[in-house]
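Secondary and tertiary structure notes
So you can see what is in the structure, the chains are spelled out below.
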Amino acid sequence: MNPAFENITSLRAKLAARDITPTEVIEALRARCTQVEPSVSAFNHLDWDTALREAATADASLPLGGVPIAIKDVIAVKGQPCTCSSKILKGHTAVYDAGVIERLRSLGAVPVGRCNMDEFAMGSSTENSADGPTRNPWDTSRIPGGSSGGSAACVAAHEAIASLGSDTGGSIRQPAALCGCVGLKPTYGRVSRYGLVAFASSLDQIGPFTKTVRDAATLLGAISGRDPRDCTSLDQPVPDYTASLEQGVKGLRIGVPKEYFIEGMDKDVEQTTRQALDQLAKLGAELVDISLPHTNYALSSYYIIAPAEASANLARFDGVRYGARVPDGKDVLDVYSRTRALGFGNEVKRRIILGTYVLSSGYYDAYYLRAQKVRTLIRKDFEEAWKKCDIIATPTTPTPAFKLGEKTGDPIQMYLSDVFTIAVNMAGLCGLSLPCGFVQRDSTDLPLGLQFIGKAFDEATLLRASHAYEQSTEWHTRRPVL
Ligand code: GLN
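The sections below set out a description of the structure shown in this document. In this text the structure is predicted, and so the values were computed from the model without any measurement.

**Some points on the overall build of the protein**
- Of the regular secondary structure elements, the protein holds 15 helices and 11 strands.
- Computed over its C-alpha atoms, the radius of gyration of the protein comes to 21 Å, within 12% of the 23 Å expected for a compact globule of 482 residues.
- Taken along the three principal axes of its C-alpha coordinates, the protein extends 70 × 55 × 50 Å.
- The proportion of buried residues among the 482 residues of the protein is 60%.
- Considering only intrachain contacts with a sequence separation of at least 6, the fraction spanning at least 24 residues in the protein is 77%.
- Total accessible area computed for the protein in this model is approximately 17800 Å², and 53% of it derives from carbon and sulfur atoms.
- Charged side chains of the protein number 52 positive and 54 negative; the gap between the two group centres comes to 3 Å.

Right, here's the structure in full:
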């Protein structure tokens, strides 16, 4: 088989048996990218020479020896460009490896390519990229989701074996759902963010995109754990997430929140999710009706908290320390303001302005403080829910992939793409999306995702339920025609 179509597990078996070399794997991905990248545009940057050099010395006896992993352009890989798909960081090269990259390298993996994204991870369609949009491999007139659209599309298009993305309000799970792959947002504190360009620091997490749930378990295990350079990463033991995969769902209590199945929701999304729930019941899970009463407020409070944190985090892009700078600044203020005016795109500017406003004196209490209180209520909703269930299941997105350009003129419509994913970040929990069916739009089949939400640091249960569902369905075996 073409190595590009392998997953981590199947590829590792061949690498360990020396049926294939790490160099041949990179060559296969290069050939695949030559063929399909012109229609997908998943990457901002591909440096095959470096990949081949690193593959040549990869130790195939290590757990991830010779496995290439594509990396979202927001995670630092030493010597490679790190632009966050922003004009303001054009020309910036990372000077160190992120914590997750160090871990991957120590296990033998090879970082390959910089995945396209919404600028600074702000968006839900990858259309806010200074490098142009990525296209959905199932229908290239549609968006792949965002902000990690490139990370999702390259895995779905088999231009990568697996990838890393970041998730602040849904940016791993939403594109995974719309591209038909597995996407996992780990618990806040599970994975080091050292070397991740910060968007909203109380929400950001790095996580994997994979072709199978087993691969997600493998990659999560590889990147998890305490890193003293990220004080929010916690010293919790990292279990072998693959060990408990086969335990099934018999007796598992799966909460179904009524607020995620509302009047007027997309009929296909509702039907597909209900069928997935029936399937889980057939496998022996117990479905439990639950309520998360503050769900309605998650989106609006997120769009206060995330921009507030972004406005502070993005202050560092001043034309002095990183990337682009206007050449003819009159004085320091002129350099700051003109560099930022030219360097940031519209959505990033919108967030910085909004964030600065809600933090300013006189408005702080009315907006920011209030949003933080709502956040506590959202977290308490989940604490109540965990008394009745072990895991929660919902749709990942309110619709399948929409057309390029369909929502770019209407920020609110764009923000609504994340209604089902944002509460997980607000509560600091873990969430996973996996393919749960296909629906037709314009006579093309488009994937949909099922989201599982787990308790903090209980990724093992999330993965076990996902694996049981995946193994009883065939959705993960389908391939887009490109
Ligand atoms: N789409 C959401 C936003 O624009 C979430 C982004 C993310 O998770 N990085 O903020």
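**A closer look at the pairing of strand β9 (residues 391-395)**
- Counting buried positions over the 5 residues of β9 gives 5, a clear majority of the element.
- By the bridge criterion, 2 bridges tie strand β7 (residues 253-257) to β9 in an arrangement that is parallel. Paired with Gly255 across the two strands is Ile392, which belongs to β9.
- Sheet analysis places β9 next to strand β11 (residues 444-454), joined by 5 bridges and oriented antiparallel. Counted as the bridge partner of Ile392 is Ile453 from β11.

**So, the site of the ligand**
- Residues in contact with the ligand amount to 15 residues; listed here are only the nearest, Gly169, Ser171, Tyr302, Arg351 and Asp418.
- Within the side chain of Tyr303, one N or O atom sits 3.3 Å away from an oxygen atom of the ligand.
- Surface burial for the ligand is 100%, taken as the share of its 290 Å² of free accessible area covered by protein chains.
- Residues of the shell around the ligand, tallied by class, amount to 5 nonpolar, 7 polar and 3 charged.

**Considerations on helix α4 (residues 99-106)**
- Within α4 the residues assigned to the buried category are Gly99, Val100, Ile101 and Leu104.
- In this structure, the buried residues of α4 make contact with β2 (68-72), β3 (110-115), β4 (163-167), β6 (205-210) and α7 (213-223).
- One or two positions beyond α4, positive phi appears at Gly108, with a value near 95°.

**Considering the packing of aromatic side chains**
- Within the structure shown, the criterion is met by 14 aromatic pairs.
- The ring of Phe438 carries Arg478 above its face, with NZ or CZ at 4.1 Å from the centroid.
- For Arg479, the ring lying beneath its charged end belongs to Phe5, and the centroid distance is 4.0 Å.

**Brief notes about the packing of α4 against α7**
- For the pair α4 and α7, the least separation of the axes is 8 Å and the interaxial angle reads 110°. In terms of axis orientation, α4 runs roughly perpendicular to α7. Residues Val100, Arg103 and Leu104 of α4 touch α7, and the partners they reach there are Leu219, Ala222 and Ile223.
- Here the contact of α4 with α7 is built from residues that sort into 5 nonpolar, no polar and 1 charged.

**Topic: helix α2 (residues 22-40)**
- The sharpest bend along α2 reaches about 45° and sits at Thr34, with the proline Pro38 one to four residues further on.
- For α2, the complete set of buried residues consists of Pro22, Val25, Ile26, Ala28, Leu29, Arg32, Cys33, Val36, Glu37 and Val40.
- Buried residues in α2 make contact with α1 (8-16), β1 (43-45), α3 (48-56), β2, β3 and α5 (149-156).

**Looking at the sheet that holds β3**
- Reading across from one edge, β1-β3-β2-β4-β6-β5-β10-β11-β9-β7-β8 is the order of the 11 strands in this open sheet, with mixed pairing throughout. Single-partner strands in this sheet number two, and they are β1 and β8 (286-290). Each strand of the sheet is rotated relative to its neighbour by a mean of 35°, with strand direction disregarded.
- One ladder, built from 5 bridges, connects β4 with β6; its direction is antiparallel. Counted as the bridge partner of Asp167 is Gln205 from β6.
- Each of β5 (182-185), β9, β10 (430-441) and β11 touches helix α15 (residues 459-471); the most contacted strand, β10, lies at about 25° to it.

Procedures and definitions
- Residues numbered from 1 in each chain as written.
- Predicted model: local features only at pLDDT ≥ 70, side-chain atom pairs only at ≥ 80, totals over all residues.
- Heavy atoms only, no water.
- Helix = DSSP H or I, 4+ residues; strand = E, 2+ residues; numbered from the N terminus.
- Rg over C-alpha atoms; globule rule 2.2 N^0.38 Å.
- Buried < 20%, exposed > 50% of the residue type's maximum accessible area, 1.4 Å probe, protein only.
- Contact = heavy atoms within 4.5 Å.
- Areas by Shrake-Rupley, 256 points an atom, 1.4 Å probe, with all protein chains shown as cover.
- Lys, Arg positive; Asp, Glu negative; His and termini not counted.
- Charge placed at Lys NZ, Arg CZ, Asp CG, Glu CD.
- Pairing = 2+ DSSP bridges.
- Near = heavy atom within 4 Å.
- Polar contact = N/O pair within 3.5 Å; in protein donor to acceptor, adjacent residues only side chain to side chain.
- Nonpolar A, V, L, I, M, F, W, Y, C, P; charged D, E, K, R; others polar.
- Phe/Tyr/Trp six-rings, centres within 6.5 Å; stacked < 30°, edge-to-face > 60°.
- Lys NZ or Arg CZ within 6 Å of the ring centre and 35° of its normal.
- Axes fitted to C-alpha atoms, helices over the stretch in contact; angles between N-to-C directions.
- Parallel < 35°, antiparallel > 145°, perpendicular 65-115°, else oblique.
- Bend = angle between axes of the 7 residues up to and from the residue.

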